[in-house]
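Commentary on secondary and tertiary structure
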Amino acid sequence: MKALLFGAFGCALAFASPAWADPIIIKFSHVVTADTPKGQGAEKFKQLAEERTKGAVKVEIYPNSTLYKDKEEVEMLQLGAVQMLAPSTSKFGPLGVKEFEAFDLPYIFPNEQVLRRVQDGPIGQGLFKKLEGKGIKGLAYWDNGFKIMTSNRPMHLPEDMKGLKMRIQSSKVLEAQFKQIGALPQVLAFSELYQALQTGVVDGQENPPSNVLTQKINEVQKHATLTYHGYVGYAVIVNKPFWDGLPADIRTTLEGCIKDATDFEHSVANSDNEKALATIRATGKTEVYTPTEAENAAWRKALAPVQKEMASRVGRDLVTALNKEAE
Ligand code: LMR
């Protein structure tokens with residue numbers, strides 16, 4: 001309630017301020033570097049929003065956990081201390097919207113076309129509806145890419161993961177995923193990952209190549225395996241009282257900026273990850289392994305039980321609907 005009151009007070013000021021007043025400030029906090037798909041999407045939104053509102057809106061971007069880290073960013077959004085975020089959809093379990101963790105189920109998205117259909121259709125929009133009771137409005141889904149495994153040992157088959165301490169995002173599905181193959185999952189903030197790998201607090205992690213390269217994870221991981229077993233994507237979210245309290249013309253303009261920034265962000269995600277993988281290979285510090293068809297089949301078989309095990313947490317109907325989309 002406190003968050004909503006604070007937020008509502010904030011938005012009342014937005015209405016009260018006369019035309020010549022200071023610009024409406026949108027603080028946009030995120031946990032990746034500027035040269036990632038999400039980082040570039042944020043910059044594109046800033047450029048469009050400031051241009052198209054003729055300065056009535058000013059977007060302050062705080063990249064790479066410089067303002068808030070994984071653990072606190074969503075709470076700060078609810079309190080109105082920051083207006084916009086784009087957290088991975090793997091990070092909504094602690095907020096109580098555990099249905100988002102269905103997106104973490106291994107191999108649930110066979111390709112990006114299915115992912116896009118899910119995000120833009122009733123499933124993705126329905127998940128956004130679940131955020132509204134928490135004072136959060138979902139505006140768009142942004143991409144990163146399919147995840148690879150990294151650690152300091154060769155990982156050709158799922159049994160090679162046995163005993164590895166693997167960093168995960170705050171998702172019970174990701175926890176189940178690694179337990180299923182004998183690894184030891186450990187939730188850590190993205191900002192703490194490099195140091196945790198460097199010091200051996202954890203042995204490995206999973207992420208798309210762009211996150212591996214931009215956090216220099218490849219410099220402390222001798223092996224990477226192109227499993228592409230899951231997906232990292234983002235929910236672009238705002239403080240709902242702030243958003244609803246914007247002058248209607250400003251909100252409409254910003255909705256257009258979000259749409260165009262989303263198209264842009266989607267257009268750079270694949271090439272960013274391809275370039276990052278090529279750079280990781282060229283740097284030569286990490287041996288990059290591509291599983292054989294038989295090995296990929298073994299990964300899928302080993303991880304298949306996670307779907308049944310976690311269906312009661314994320315929603316059986318949701319899992320059925322996701323599998324239907326993938327047919
Ligand atoms: C992670 O925490 O591994 C990623 O979700 C970070 C990000 O936002 O891409």
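Per an unreviewed UniProt entry, the chain is named C4-dicarboxylate-binding protein DctP, and its organism is Methylobacterium persicinum.

1. Overview of the site of the ligand
As a matter of local geometry, the ligand sits amid Val31, Val32, Lys38, Ser88, Lys91, Arg167, Gln169, Phe190, Asn207, Asn211 and Tyr234. At 2.7 Å, a side-chain N or O of lysine 91 approaches an oxygen atom of the ligand. Within the complex, 100% of the 270 Å² of free accessible area of the ligand lies under protein. At a threshold of 2 Å from the grid points, most atoms of the ligand map onto the largest cavity. Taken together, the residues of the shell around the ligand sort by class into 4 nonpolar, 4 polar and 3 charged.

2. Some thoughts on the layout of surface pockets
Where empty space is left in the structure can be found by rolling a water-sized probe over the atoms. Of the pockets and cavities examined, the second largest pocket occupies roughly 250 Å³. Asp70, Lys71, Lys91, Pro94 and Ser170 are, among the 14 residues lining the second largest pocket, the residues nearest its centre. No other element matches helix H3 (residues 70-79), which puts 5 residues into the lining of the second largest pocket. Of the residues contributing to the lining of the second largest pocket, the split by class is 7 nonpolar, 2 polar and 5 charged.

3. Brief notes about the pairing of strand S10 (residues 231-239)
In regular strands, side chains alternate between the two faces of the sheet. Burial runs high along S10: 9 of the 9 residues are buried. With 2 bridges connecting them, strand S3 (residues 84-85) and S10 associate as antiparallel partners. Within S10, the residue paired with methionine 84 across the bridge is valine 238. Taken together, the 9 bridges between strand S4 (residues 136-146) and S10 define a ladder with antiparallel strand orientation. Pairing of lysine 137 across the sheet is with valine 238, part of S10.

4. Some thoughts on the pattern of salt bridges
According to the stated counting rule, one finds 15 salt bridges in the structure shown. The salt bridge partner of lysine 46 is glutamate 50, with a shortest N-O separation of 2.9 Å. Highlighted residues: lysine 46 and glutamate 50, both in helix H2 (residues 37-52), separated by 4 residues, approximately one helical turn. Relative accessible area serves as the criterion here: at 24%, glutamate 50 is assigned to the partly exposed category. One salt bridge in this structure joins lysine 130 and glutamate 99, with 3.8 Å as the shortest N-O distance.

5. Quick word on H3
Considered for burial, the residues of H3 that qualify are Asp70, Glu73, Val74, Met76, Leu77 and Gln78. The positive-phi residue at the C-terminal boundary of H3 is glycine 80, with phi of around 85°.

6. Some points on the environment of valine 82
Mapping valine 82 onto the fold places it in the loop between H3 and S3. The class of valine 82 is buried, set by a relative accessible area of 0%. Each C-alpha atom, one on valine 82 and one on asparagine 239, is 7.7 Å from the other, the two residues being 157 residues apart in sequence. Every residue in contact with valine 82, bar those within four places of it in the chain, is listed here: Lys27, Phe28, Ser29, Leu67, Tyr68, Glu73, Met76, Leu77 and Asn239.

7. Some points on the nonpolar core
In terms of nonpolar packing, the biggest core is built from 37 residues, with Phe109, Leu131 and Leu322 touching the most fellow members. Those residues in contact with leucine 131 that lie beyond four places of it in its chain are Phe92, Leu95, Val97, Phe100, Ile136 and Ile237. Core analysis: the next-biggest nonpolar cluster, separate from the first, contains 27 residues, Ile24, Ile26, Ala42 and Val238 among them.

8. Observations regarding helix H4 (residues 112-120)
An α-helix turns once per 3.6 residues; consequently, residues spaced three or four apart project the same way. Where H4 is concerned, the buried positions are Val114, Leu115, Val118 and Gln119. Projected down its long axis, H4 carries its buried residues within an arc of 130°, all on one side. H4 presents Gln113 and Asp120 as exposed residues on the side facing more than 90 degrees away from its buried surface. On its buried face, H4 is in contact with helix H5 (122-132), S4, S10 and helix H13 (316-326). For H4, the N-terminal cap is asparagine 111; the gap from its side-chain oxygen to the backbone nitrogen of glutamine 113 is 3.0 Å.

Cut-off values and rules
Residues numbered from 1 in each chain as written. Predicted model: local features only at pLDDT ≥ 70, side-chain atom pairs only at ≥ 80, totals over all residues. Heavy atoms only, no water. Near = heavy atom within 4 Å. Polar contact = N/O pair within 3.5 Å; in protein donor to acceptor, adjacent residues only side chain to side chain. Areas by Shrake-Rupley, 256 points an atom, 1.4 Å probe, with all protein chains shown as cover. 1 Å grid on protein atoms, 1.4 Å probe; cavity = no way out; pocket = protein on both sides within 12 Å on 5 of 7 lines; lining within 4 Å. Sits in = over half its atoms within 2 Å of the grid points. Nonpolar A, V, L, I, M, F, W, Y, C, P; charged D, E, K, R; others polar. Points joined across faces, edges and corners; volume = space filled by probe spheres on them. Helix = DSSP H or I, 4+ residues; strand = E, 2+ residues; numbered from the N terminus. Buried < 20%, exposed > 50% of the residue type's maximum accessible area, 1.4 Å probe, protein only. Pairing = 2+ DSSP bridges. Salt bridge = Lys/Arg side-chain N within 4 Å of Asp/Glu carboxyl O. Contact = heavy atoms within 4.5 Å. Core = buried A, V, L, I, M, F, W, Y, C linked by side-chain atoms within 4.5 Å. Arc of directions from axis to C-beta.

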